[in-house]
Amino acid sequence: MATQTQTAPTMETFTQSRIPLVTHVINDEDLGLLQGTKLIPVNLNKMVKLLTDPHSAMLYDRHVHALKRVIRHYSKGFPLKDLVQVFKILNVCADRVEDQPMYEDSLCDILKLCCLPFLQEKSSDQLAFRQILQESVSQLGYLMRVPSSAVRLEICKTLNSFYCVKQQQQQVQNYKGTNLDYNRRIVEDSDIAETLVKSLALLENDTDVKIQVLNVLQNFSKDSEKNCNEMLNGGAAQRICSRLMDTSDPSGQLLFRSVDVLWNLLTHGDRDTVAQQLNNLDCISQLRDAYIFQLTQGYSHYDRQLRNDLLVIASLVASLCPQAPFIETGFAKQLVLFATFQEVKSNHVLVKHLKLSQTHEDFELKKLLFNLLAMLSQDPAVLPILAEGHLMLALFSYVRGNDVQTGPREWTPAQFEELQLESLSCLSSLCPLMLEDYMTCQGSTRILLLLEWCVSPDEFGGHGNSFHGSGGRGNKRAQMRHCVRLLRSVVSTGDERVLQDLVDQGAINQISGILTNATSSEDEDDAIDVEMQSDMLFILSSLCDGDMHRKELFGTEGVNVCVAYLRTDPRLVSGGLGHHRLLLATVDCIWCAVVGCYITEDYLLEKEGVFLLIDLLQYCPKNMHNLIVGCLLDMCENPKTVHHVLTWRGKKNMSAAHLFCQMWREEEQEMGVKREPTGAIADLNQPLRTSLQEELGVTPLSAHCPSQAIVDVSENMRAKLYSLFCKLGFTDLPGLDVTDHVTLTIIEKYMEFKMGEVLTEVIDELEVENVRPVTPDREALEAISRAVEDRAQIVASTQEELLQAQSNQDIIEEQEFYAEIRENHRQKEKALNDFTEFVARTSNYTVLKAAKERQELSVEASRIQPKFRDTEAFHSTDIQNLQTTAFSGRHVKVDSTPPHLTGGPLAKFDHSTGTLHKRRVITLPAEAV
């Protein structure tokens, strides 16, 4: 016990003898693990107070010494948390530079430090100080107000480095620099781009600084949509373009960087805004002067590229702003001169010594000039300038067959092909606007000769490298495609001189021959082939429309072409290659080039053209129905056509009259006309009123404006279907059911209902306008309204009678069907009774005997009444003691088991051995026994 007492000290003894432990916190700095320079903080608030305090504001030397100390301490960059004080210091120094130049060096040194990435102590500093950094970057732009070239140049260097240069991370303890992506987002969210654009007004006499500012804007706008829009908010396009050639710059950087900025704005910014800012006399004049200077004075590859860039900018302005002052500045006239001086000889001083080579830049210049003039032609005031410069003659010089080899001073075959296609495309826009020049240049002859070359067997391997040459590599399809497009644009004008000139040159026979070869070819057509064939059919339609002699020239060859296209596989209509356009062009060609000429009409009827048109009407999309019905209606002027229409039968033996009634119902359903479920009239007051007319209501209109009831006639097919039935008749039409007859009663009274609808609109408009007709007119209107309503009532009664007759007919047919069912059951009952009697006779002798007596009595009753049995010549024909009720003879036929069940006597014969099969014994299982 004593020992235990000594070894177990009390709590008090333990407390007194415990040695306290001291924990030491050792960081990376104490261990020497941190790398880089240690950032010694400086109290920037004292620095700001030193600069701004009234008592120390005049201590300039002390200010400079303090600024140098700040620069020395922050040589690795400024922390994000100190940016507010740093830019306060910058603004104070910027305000004093003009009076005290000693601040300029310190200001430039601080700006150099801003080139470095700003330092963040924690990862959250980027988000926490984002707004401060945006405002700080904006302050850099505001410092452009300092009237010092050195400061402005340093600002530009700082911005370029901050936005573009990916610098190495500074080695600063506990700090990390911001990355380049973060810096770019800061610049995009600030207004530095707009500020720099506005600062260009301060730099008119300082070319070096202006070039550097444009360099910054060039970098900002290279791939940033936000920066481009910010620059446009400051009017960048107008400010830059209006000063392209104002300042002499021997280096050429000012023009180059200005053009590059404009190009970036057009690429990434809002094009409409750029075009609106460039749409003024100053900007277009500067573009003109810069372009002429580069074209006439530039000889290097760089100068030619810059010249083409200027022309592209002008093209974009012309496309977005057709009314831009190209005429007022004289730019349009000079563009025509430069575009045509090779093809049309000129002694103008600007082109007297100008030569274009086969280089890519000169080739692109030629195409850009043609394209720009085609855009400018949308302004009617430009057309006299184009005519004066003989632009059409220059373009038509390329409308000829391609040569395999060219001279040393001419374009290469590939370049000539692209220029040829470009010229054809431009002519498609210019010829409809300059028909006089077209006729002067003998355009029809040139085009038809080129078309003949396109289909000739002469070998030509098209290069197909250009945008216009798609699908024409190794062949002449590109030339033919644009040649046909050019003809289409020319004939679409409807000018009789042009049409007659084409007809005199044999265009109808030439195009018909090409289409004949196309329809007889076994090669599968692609989208380009279908497009060209559609265009050629349209050309034939335009040439033959309204002229009987031209329709005769179209002749049987043209009819064969149309019939071949009408036989197109219906599955190709929705194939995506444009066959629906081809079929529409075919129907239009029949309508314009065949209908009206009895010779071609009769030949079309012989070729079953009407049958093919109605077949097309049956399977084609609904938006094609109107054109086909109109063509059929005009063809029905020929009495022979009516018989063909009535003879036609479609799927499920459908007749044409039934098809037309069905189309009428579908048309009314789509227009929302009120009808009963049976197709009868639902609204007696307005039997033809559509849902659109109900929505619009009655609106007073002037006398020259058609009302909704009149517009309805041309917006749907009801009027054409009514006219078609007027040709076919309303009675004795084959293949109609009761629903068709109900619809036909409405069609028959369509004209009367439409007249009543128009008069109803007149009455409603007068009521809305509070105009009361004179008494005779009012009575006449009321009488007509009552007559129309009575007619609608009569039609409704007729429809009800038709439906009731059909209902009665259905009831009669139903009863006849039930009677047939009952008759079938009656025969089955008789057969059952006969079998029952037969079983009774065979199983009961008494019944058999009674039946035999009844049979004999029946036979006796059928004989001649005199007692012939008593005569000596009587011979009995009955078999004595026969116990059957059938009339039996001396031979009995016994129905045995059919041979196909027993197999017959040779069922067991084996053909292979010639013996009988062994008998098979079937043993049943024990369960069955």
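Definitions and limits used
Residues numbered from 1 in each chain as written. Predicted model: local features only at pLDDT ≥ 70, side-chain atom pairs only at ≥ 80, totals over all residues. Heavy atoms only, no water. Phe/Tyr/Trp six-rings, centres within 6.5 Å; stacked < 30°, edge-to-face > 60°. Helix = DSSP H or I, 4+ residues; strand = E, 2+ residues; numbered from the N terminus. Buried < 20%, exposed > 50% of the residue type's maximum accessible area, 1.4 Å probe, protein only. Lys NZ or Arg CZ within 6 Å of the ring centre and 35° of its normal. Expected span 1.5 Å × (residues − 1). Bend = angle between axes of the 7 residues up to and from the residue. Contact = heavy atoms within 4.5 Å. Polar contact = N/O pair within 3.5 Å; in protein donor to acceptor, adjacent residues only side chain to side chain. Salt bridge = Lys/Arg side-chain N within 4 Å of Asp/Glu carboxyl O. Core = buried A, V, L, I, M, F, W, Y, C linked by side-chain atoms within 4.5 Å. Patch = residues over 30% accessible without salt bridge, like charges linked within 9 Å, V, L, I, M, F, W, Y side chains within 5 Å. Areas by Shrake-Rupley, 256 points an atom, 1.4 Å probe, with all protein chains shown as cover. Axes fitted to C-alpha atoms, helices over the stretch in contact; angles between N-to-C directions. Parallel < 35°, antiparallel > 145°, perpendicular 65-115°, else oblique. Left-handed = near helix turned anticlockwise from the far one by under 90°. Nonpolar A, V, L, I, M, F, W, Y, C, P; charged D, E, K, R; others polar. Disulfide = S-S within 2.5 Å.

### Details of the packing of aromatic side chains
Here a ring pair, both rings aromatic, is described through the centre-centre distance and the interplanar angle of the planes.
So, step 1. One pass over the full model with this rule turns up 16 aromatic pairs.
So, step 2. Each ring, one from Tyr398 and one from Phe416, has its centre 5.7 Å from the other, and the planes form 40°; the classification is tilted. In this pair, Tyr398 sits in the loop between α23 (391-396) and α24 (413-430) while Phe416 sits in helix α24, placing the two residues 18 residues apart along the sequence. For the pair Tyr398 and Phe416, a shared accessibility class is recorded, and that class is buried.
So, step 3. Three or more aromatic residues joined by ring pairs make a cluster, and in this case those are Phe660, Trp664, Tyr722, Phe725, Phe730 and Tyr750.
So, step 4. Sitting over the face of the ring of Tyr163, Arg184 holds its NZ or CZ atom 5.3 Å from the ring centroid.
So, step 5. It is Lys476 that lies over the ring of Trp453; its NZ or CZ is 4.7 Å from the centre.

### Quick look at helix α31 (residues 548-566)
Two residues of an α-helix separated by three or four positions point the same way, owing to the 3.6 residues in each turn.
So, step 1. Over its 19 residues, α31 runs only 23 Å from end to end, short of the ideal 27 Å by more than 12%, given 1.5 Å per residue.
So, step 2. The principal kink in α31, of about 70°, is found at Gly555.
So, step 3. Residues Arg550, Lys551, Phe554, Gly555, Gly558, Val559, Val561, Cys562, Val563, Tyr565 and Leu566 constitute the buried set of α31.
So, step 4. Packed against the buried residues of α31 are α28 (496-504), α29 (507-520), α30 (527-544), α32 (579-593), α33 (598-606) and α34 (609-619).
So, step 5. For α31, the capping residue at the N-terminal end is Asp547, with a side-chain oxygen 3.1 Å from the backbone nitrogen of His549.

### Remarks on the pattern of salt bridges
So, step 1. Evaluation of the coordinates by the stated rule reveals 37 salt bridges.
So, step 2. Taking the shortest distance from any N to any O, the salt bridge between Asp712 and Lys754 comes out at 3.0 Å. Here the residue Asp712 occupies a position in helix α39 (residues 708-715), and Lys754 occupies one in helix α42 (residues 750-768), the gap between them amounting to 42 residues.
So, step 3. Residue class for Asp712 comes out buried when judged on its relative accessible area of 4%.
So, step 4. Assessed through its relative accessible area of 6%, Lys754 is described here as buried.
So, step 5. Because the salt bridges share partners, they merge into one network encompassing Glu668, Arg675, Asp712, Arg718, Lys754 and Glu757.

### A look at the nonpolar core
So, step 1. Counting 235 residues, the largest nonpolar core has Tyr291, Phe326, Ile590 and Phe660 as its most contacted members.
So, step 2. Not counting chain neighbours up to four residues away, the residues in contact with Phe660 comprise Leu617, Val645, Leu721, Leu724, Phe725 and Leu728.

### Some points on the environment of Ser161
So, step 1. Residue position: Ser161 is located in helix α10 (residues 149-164).
So, step 2. Separated by 49 residues in the primary sequence, Ser161 and Lys112 have C-alpha atoms spaced 9.7 Å apart.

### Considering helix α7 (residues 103-114)
So, step 1. Compared with the 16 Å implied by 1.5 Å per residue over 12 residues, the 17 Å span of α7 between its first and last C-alpha is a close match.
So, step 2. Considering only its buried residues, α7 is in contact with α5 (60-73), α6 (83-96), α9 (130-142) and α10.

### Re a nonpolar patch on the surface
So, step 1. Nonpolar side chains collect at one region of the surface, where Phe817, Tyr818 and Ile821 lie side by side and expose about 280 Å² of accessible area between them.
So, step 2. Note on placement: Ile821 falls in helix α43 (residues 775-843).
So, step 3. By relative accessible area, which is 30% here, Ile821 ends up partly exposed.

### Some words on unusual backbone geometry
So, step 1. Positioned with a positive phi, Lys652 is a non-glycine residue whose angle comes to about 55°.
So, step 2. With respect to the helices and strands, the residue Lys652 is situated in the loop between α36 (639-647) and α37 (656-671).
So, step 3. Despite not being glycine, Asn653 shows a phi value in the positive range, around 60°.
So, step 4. Position of Asn653 among the secondary structure elements: in the loop between α36 and α37.

### Remarks on the side chain of Thr568
So, step 1. On the secondary structure map, Thr568 appears in the loop between α31 and α32.
So, step 2. Classification of Thr568 by relative accessible area gives buried; the value is 15%.
So, step 3. Among the polar contacts made by the side chain of Thr568, one reaches the main-chain carbonyl oxygen of Tyr565 at a distance of 2.4 Å.
So, step 4. Setting aside residues no more than four positions away along its own chain, Thr568 makes contact with His579, Leu583 and Tyr619.

### Quick notes on the environment of Glu417
So, step 1. With respect to the helices and strands, Glu417 occurs in helix α24.
So, step 2. Its relative accessible area of 2% is what places Glu417 among the buried residues.
So, step 3. In sequence terms Glu417 and Ser466 are 49 residues apart; their C-alpha atoms lie 8.8 Å from each other.

### Side note on the packing of helix α4 (residues 44-52) against α6
So, step 1. Between α4 and α6, whose axes approach to 9 Å, the crossing angle comes to 20°. Overall, the two elements α4 and α6 adopt an arrangement that is roughly parallel. Viewed along their axes, α4 and α6 form a crossing whose handedness is left-handed. Here Leu44, Asn45, Met47, Val48, Leu51 and Thr52 of α4 lie close against α6, whose contacting residues are Gln85, Val86, Lys88, Ile89, Val92 and Arg96.
So, step 2. Counted by class, the contact of α4 with α6 contains 7 nonpolar, 3 polar and 2 charged residues.

### Quick look at the side chain of Asn638
So, step 1. Residue placement: Asn638 occurs in the loop between α35 (625-635) and α36.
So, step 2. Not counting the four nearest positions on each side in its chain, Asn638 is found in contact with Tyr598, Glu601, Asp602 and Leu605.

### Regarding the state of the cysteines
So, step 1. Evaluation of the coordinates by the stated rule reveals 0 disulfides.
So, step 2. Distance from the sulfur of Cys441, which forms no disulfide, to the nearest cysteine sulfur (Cys431) is 8.6 Å.

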